[in-house]
Amino acid sequence: MSEIIKDSQNTTSFGYTSNGKESFCYTLSNSNGIEMAIIDFGATIQSIKIPISSSKKADVVLGFDHITDYEKSFMLSGAPFIGAVVGRYAGRIKNGTFKINDEVFQLNKNLGQHHLHGGKTNLSNRFWNVISLSNNCITLECISKDLEENYPGELTVKVSYHLSDMDELEINYTAKTTKDTIINLTQHTYFNLDGHEKTIENQELQVTSSEILATNEENVPTGKFLNIMDTSFDFLTFKSCPTKIDTSFVISDNSTSVATLKSTKNKIQMQVFTNQPSVHIYVGGNCENKIMGKNNVNYEALSGICFETQNYPDAPNQSHFPNAVLRKDDTYYQKTSFKFEKI
């Protein structure tokens, strides 16, 4: 991080890690009063504060008040990955294996017999370098070494967060590799439009999808697709938020919003847009009675909902799934936007 960025009025200390490394927090804002904070650990979205009246803002994402709490969260069984960029490969890879150019790679297994969210040394639990910062935009970079977690190639990842005056948070990811590899990046923010201290039970969800990925008992895709008609996964019209879900919805049309979350309490809604083939919706992240959230809030399974826009889990092992290979001469690109509106 340059001294100019470090000394910026948008930059504040976020405390010190258990081994003495200082973390920093970066604040973005737009002309309509929305403020968001990003920390360099995991390129994590720490807060998004939206005006709901002339004198009050609601913080609509889960997060922690100190860097050590983020560190501790990754030591939990079933780490919640609160607010972080996820990779190298988001989602499950069956048996932790995949093949490129007739060579089989065995990734480290961190979920039983499977590989999840990039393994133990992933993009979410390390520091990113800030390479640019303005009042409404930040770009961070992270380098994953060749054969880290046994992934081939040195991978250079950049993510930018842009908060527009149209009340839209646009996230752009790019990546380059020195060897052919696999990649699937996403963002793991838990949203709660009623405010992070509430539960999501009184909010409504719509998902513009008629199919989900079929999975086995360990939630690994089988390669088949299931029609959601007349099932509990049918969110084509607004319904109450699910109290438990960990499911990939297939996106067939990227020209419109793929999901919408609505709060009648705060009279705001959030639309999700992406260029990715699926949105994995997750409810169930739990720090209850272990690590307290912002403002000493006790986060539990219904505290937030994730919209993980991404490629399909286990795509490297399913030839009919979208391509997950990044060639060494190519550039990976992912774009997702969260648009906030008053209703």
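Now for a quick tour of the structure. (Residues numbered from 1 in each chain as written. Predicted model: local features only at pLDDT ≥ 70, side-chain atom pairs only at ≥ 80, totals over all residues. Heavy atoms only, no water.)

## Let's talk about the packing of aromatic side chains
Part 1 of the argument: Summed over the entire model, instances satisfying the criterion amount to 14 aromatic pairs.
Part 2 of the argument: Aromatic side chains Phe-191 and Phe-338 sit 4.9 Å apart centroid to centroid with 45° between the ring planes, which places their arrangement in the tilted category. On the criterion of sequence distance, the pair formed by Phe-191 in strand 17 (residues 190-191) and Phe-338 in strand 28 (residues 332-342) is long-range, its members being 147 residues apart. Across the pair, Phe-338 and Phe-191 agree in class, each one buried.
Part 3 of the argument: When the ring of Phe-225 is compared with that of Tyr-312, the centres are 6.1 Å apart and the planes differ by 70°; the resulting orientation is edge-to-face. On the criterion of sequence distance, the pair formed by Phe-225 in strand 20 (residues 221-227) and Tyr-312 in the loop between strand 26 (305-310) and strand 27 (325-326) is long-range, its members being 87 residues apart.
Part 4 of the argument: Judged by relative accessible area, Phe-225 falls into the partly exposed class, the value being 33%.
Part 5 of the argument: Given the relative accessible area of 6%, Tyr-312 is considered buried.
Part 6 of the argument: Against the face of Phe-127 rests Lys-21, its NZ or CZ located 4.9 Å from the ring centre.
Part 7 of the argument: Seen from the ring of Phe-238, Lys-262 lies directly overhead, with NZ or CZ sitting 3.9 Å from the centre. (Phe/Tyr/Trp six-rings, centres within 6.5 Å; stacked < 30°, edge-to-face > 60°. Helix = DSSP H or I, 4+ residues; strand = E, 2+ residues; numbered from the N terminus. Buried < 20%, exposed > 50% of the residue type's maximum accessible area, 1.4 Å probe, protein only. Lys NZ or Arg CZ within 6 Å of the ring centre and 35° of its normal.)

## Remarks on unusual backbone geometry
Part 1 of the argument: For the bond running from Gly-87 to Arg-88, omega is 20°, close enough to zero to count as cis.
Part 2 of the argument: The phi angle at His-117 is positive, at roughly 55°, despite the residue not being glycine.
Part 3 of the argument: Examined against the element boundaries, His-117 turns out to sit in the loop between strand 10 (115-116) and strand 11 (129-133).
Part 4 of the argument: A residue is classified by how much of its surface remains accessible, and His-117, at 7% relative accessible area, is buried.
Part 5 of the argument: Its identity is not glycine, yet Asn-150 carries a phi of approximately 75°, on the positive side.
Part 6 of the argument: Tracing the backbone through its elements, the reader meets Asn-150 in the loop between strand 12 (137-144) and strand 13 (155-163).

## Let's talk about the nonpolar core
Part 1 of the argument: Of all hydrophobic cores here, the largest spans 59 residues; its most connected members are Ile-48, Tyr-161 and Phe-307.
Part 2 of the argument: A per-element tally of this core places strand 13 first, with 5 residues.
Part 3 of the argument: Excluding residues that lie within four positions of it along the chain, Phe-307 makes contacts with Gln-187, Thr-189, Phe-191, Leu-205, Ala-259, Leu-261, Met-270, Val-272, Val-279, His-280, Ile-281 and Phe-338.
Part 4 of the argument: Listed in part, the 21 residues of the second largest apolar core include Phe-74, Cys-287, Val-297 and Cys-306. (Core = buried A, V, L, I, M, F, W, Y, C linked by side-chain atoms within 4.5 Å. Contact = heavy atoms within 4.5 Å.)

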